[in-house]
Amino acid sequence: MIGARAHHIIVPRRGGPEVLQWVSVDMPEPAPGEVRVRVEAAGVSAYDAMLRGHWFPGSPSMPYTPGEDFVGIIDKLGAGVTGLDVGQRVGGWTFGDAGGYAEYLCRPAGDLVPVPQGLDPAIAVALIVNYLTASLALHQTAQVTTGERLLVQGAGGGLGSALLQLGREVGLRTYGCDATSKQALIVADGAQPIDYQSENIVARSHTLTNGGADVVIDLIGGARQLLRSWRALRPGGRLLMLGMVGTLRSGSWIVLPSLIMLGLFAVWPRGRRIAKGPGMDDYPRANPDWYRDSLSGFFEMALTGRLKPQIAQKLPLQDAAEAHAMLEAGDICGKIVLVSGTYTPT
């Protein structure tokens, strides 16, 4: 007798978007304490593309299924699971385990957060990794306070948008730097745009902020980029490098120069400093109440319109290669979401 089957995306080897494959596998079964979720929406991130194309310490072994955030319907409960029900919509992060580009996946019940009725699964999934990362960066690492000036380098993507929106929520004066095509998104997020294609980033940021930003969060990376971010700070300001989207175009060779530049800033701070604090690699797992409470709060804020994650594109789950190609082209505004055949907008 043939058992039930399901599909997921795999990365069989490192390379371009074309290496992603849509394959059939045995239906996963939840272990005790786990829940099986029928995925409706899965988020696509620069992190997914970086791992697919480049080797980094801690990279998953091949083959693996990408995807860090997902939303779907509970399909089956493992032994001992309480507090969740079959048919309930939930969302969650895979805590670095990946696996979200799948029709079905099994996760520990404690990692799942109920999605309120009426919240579109694509909107909900766009809130998970980006807004958790942004919240951690702003509050635990940069330790922002009301009235401070925040400059986000690479503000037109999903994470940049989350930083601007959450910064606005706590009363920061926000500024977003990105390409001409992304200025409208930055304005919609309540920030003053800076166009790196036509403006001098450092001079313009100093003019707009009356002397420099209190906090600069750089999502791009690279030595020259980080130097610009450092120079955009006012005395006493702090810099946080939050990822290296620049590797999507320039390759992993920018990683070492970026780290060297950060080391030089630490040795010769000149009245500024590197913001240091907990990261997404360990903080959510060590603080499960923060993880669940934050995510529940984001869902409710989106339902009432206070948070509006920007969806760049919704593509079928099996078209993950196209999604990665779009991401690497660098022209998208917001987050790309993969949706399954069971996805229904709400």
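Residues numbered from 1 in each chain as written. Predicted model: local features only at pLDDT ≥ 70, side-chain atom pairs only at ≥ 80, totals over all residues. Heavy atoms only, no water.

1. Considering the packing of aromatic side chains
The criterion, for reference: Centres within 6.5 Å are what make two rings of Phe, Tyr or Trp a pair, Trp counting through its six-membered ring; a difference in plane orientation under 30 degrees is then read as stacked, over 60 as edge-to-face, and the rest as tilted. For the exposure calls, accessible area comes from a 1.4 Å probe over protein chains only, and a residue counts as buried if that area is under 20% of its type's maximum, exposed if over 50%, partly exposed in between. Our definition puts a charge over a ring when NZ of Lys or CZ of Arg is within 6 Å of the ring centre and also within 35 degrees of the ring normal.
Enumeration according to the criterion identifies 5 aromatic pairs in this entry. Taken together, a centroid distance of 5.2 Å and an interplanar angle of 80 degrees make the contact between Tyr 283 and Trp 290 edge-to-face. Judged by relative accessible area, Trp 290 falls into the buried class, the value being 15%. Within the aromatic cluster, the residues linked to one another by ring pairs are Trp 93, Phe 95 and Tyr 291. Here Arg 285 stacks its cationic end above the ring of Phe 95, 3.8 Å away from the centre of that ring.

2. Considerations on the sheet that holds strand β8 (residues 149-153)
What counts, and what does not: Strand pairing is assigned whenever DSSP detects at least two bridges linking the two strands. Per the convention used, a helix needs a DSSP run of H or I reaching at least four residues, while a strand needs a run of E reaching at least two, with both numbered from the N terminus. Contacts were defined at the residue level, with two residues in contact if any of their heavy atoms lie within 4.5 Å. Axis angles are defined between N-to-C directions and span 0 to 180 degrees, where every axis is a line fitted to C-alpha atoms and, for a helix, only to the segment in contact.
With parallel pairing, 6 strands are arranged side by side in an open sheet as β10-β9-β8-β11-β12-β13. In the strand order of this sheet, the two ends are held by β10 (192-195) and β13 (273-274), each with one partner. Across the sheet, helix α5 (residues 201-209) touches β8, β9 (173-178), β10, β11 (213-218) and β12 (233-241), and the angle it forms with β10 is around 160 degrees. In the packing of helix α6 (residues 223-231) onto the sheet, the strands contacted are β8, β11, β12 and β13, and the crossing angle to β12 comes to about 145 degrees.

3. Digging into the environment of Leu 262
Along the polypeptide, Leu 262 turns up in helix α8 (residues 255-267). Residue class for Leu 262 comes out buried when judged on its relative accessible area of 17%. Distance in space between the C-alpha atoms of Leu 262 and Asp 26 is 46 Å, their sequence separation being 236 residues.

4. Some details on the pattern of salt bridges
What counts here: Basic side-chain nitrogens of Lys or Arg form a salt bridge, by our definition, when they fall within 4 Å of a carboxyl oxygen of Asp or Glu.
Under the counting rule described, the total for this entry stands at 17 salt bridges. Three or more residues are tied together by salt bridges with common partners; here these are Glu 29, Arg 36, Asp 75 and Lys 76.

5. Brief notes about helix α10 (residues 288-303)
Selection rule: Multiplying one less than the number of residues by 1.5 Å gives the expected span of a helix. In this context, the arc is that of the directions from the helix axis out to the C-beta atoms.
Over its 16 residues, α10 extends 23 Å from the first C-alpha to the last, a length consistent with the 22 Å expected when each residue adds 1.5 Å. Restricting attention to buried positions, one finds in α10 the residues Trp 290, Tyr 291, Ser 294, Leu 295, Phe 298, Phe 299, Met 301 and Ala 302. Around the axis of α10, the buried residues are gathered within 165 degrees of arc, so they sit on the same side. Turned more than 90 degrees off the buried face of α10, the exposed positions are Asp 289 and Asp 293. If you follow the buried residues of α10, they end up packed against β5 (89-93), β7 (112-114), α2 (121-141), α3 (158-169) and α9 (283-286).

6. As for empty space enclosed by the protein
Spelled out, the test is: Think of a 1 Å grid over just the protein atoms. A cavity is a set of points where a 1.4 Å probe fits yet cannot get out, a pocket is an open set with protein on both sides within 12 Å along at least five of seven lines, and lining residues have an atom within 4 Å of a point. Grid points are joined across faces, edges and corners, and a volume is the space filled by probe spheres set on the points. When residues are sorted by character, Ala, Val, Leu, Ile, Met, Phe, Trp, Tyr, Cys and Pro go into the nonpolar class, Asp, Glu, Lys and Arg into the charged class, and all the rest, Gly among them, into the polar class.
Going through the model one piece at a time under the given rule, you end up with 1 cavity of 30 Å³ or more. By volume, the largest cavity amounts to about 40 Å³. Every residue lining the largest cavity is listed: Ala 126, Asn 130, Tyr 131, Gly 158, Ser 161, Pro 309, Gln 310, Gly 334 and Lys 335. When residues of the lining of the largest cavity are traced back to their parent elements, those giving at least two are α2 and α3. When residues of the lining of the largest cavity are assigned to their parent elements, the largest contribution, 3 residues, is made by α2. Classifying every residue of the lining of the largest cavity by side-chain character gives 3 nonpolar, 5 polar and 1 charged.

7. Some details on the layout of surface pockets
Of the volumes computed, that of the second largest pocket is approximately 180 Å³. What lines the second largest pocket is simply His 7, His 8, Val 25, Asp 26, Pro 28, Thr 65, Asp 97, Ala 98, Gly 99, Ala 102, Tyr 104 and Leu 105. If you list the elements that add at least two residues to the lining of the second largest pocket, you get β1 (5-10), β2 (21-26) and β6 (104-108). In terms of residue class, the lining of the second largest pocket is made up of 6 nonpolar, 4 polar and 2 charged.

8. A word on the nonpolar core
For clarity, the cut-off: Residue types Ala, Val, Leu, Ile, Met, Phe, Trp, Tyr and Cys, when buried and joined through side-chain atoms within 4.5 Å, form a set referred to as a nonpolar core.
Membership of the largest hydrophobic core comes to 51 residues, with the highest contact counts inside it found for Ile 128, Leu 163, Ile 217 and Phe 299. Secondary structure elements with two or more residues in this core: α2, β8, α3, β11, α10 and β15 (335-339). If we skip the residues at most four places from it in the chain, Ile 128 touches Asp 69, Phe 70, Val 71, Gly 91, Gly 92, Trp 93, Leu 295 and Phe 299.

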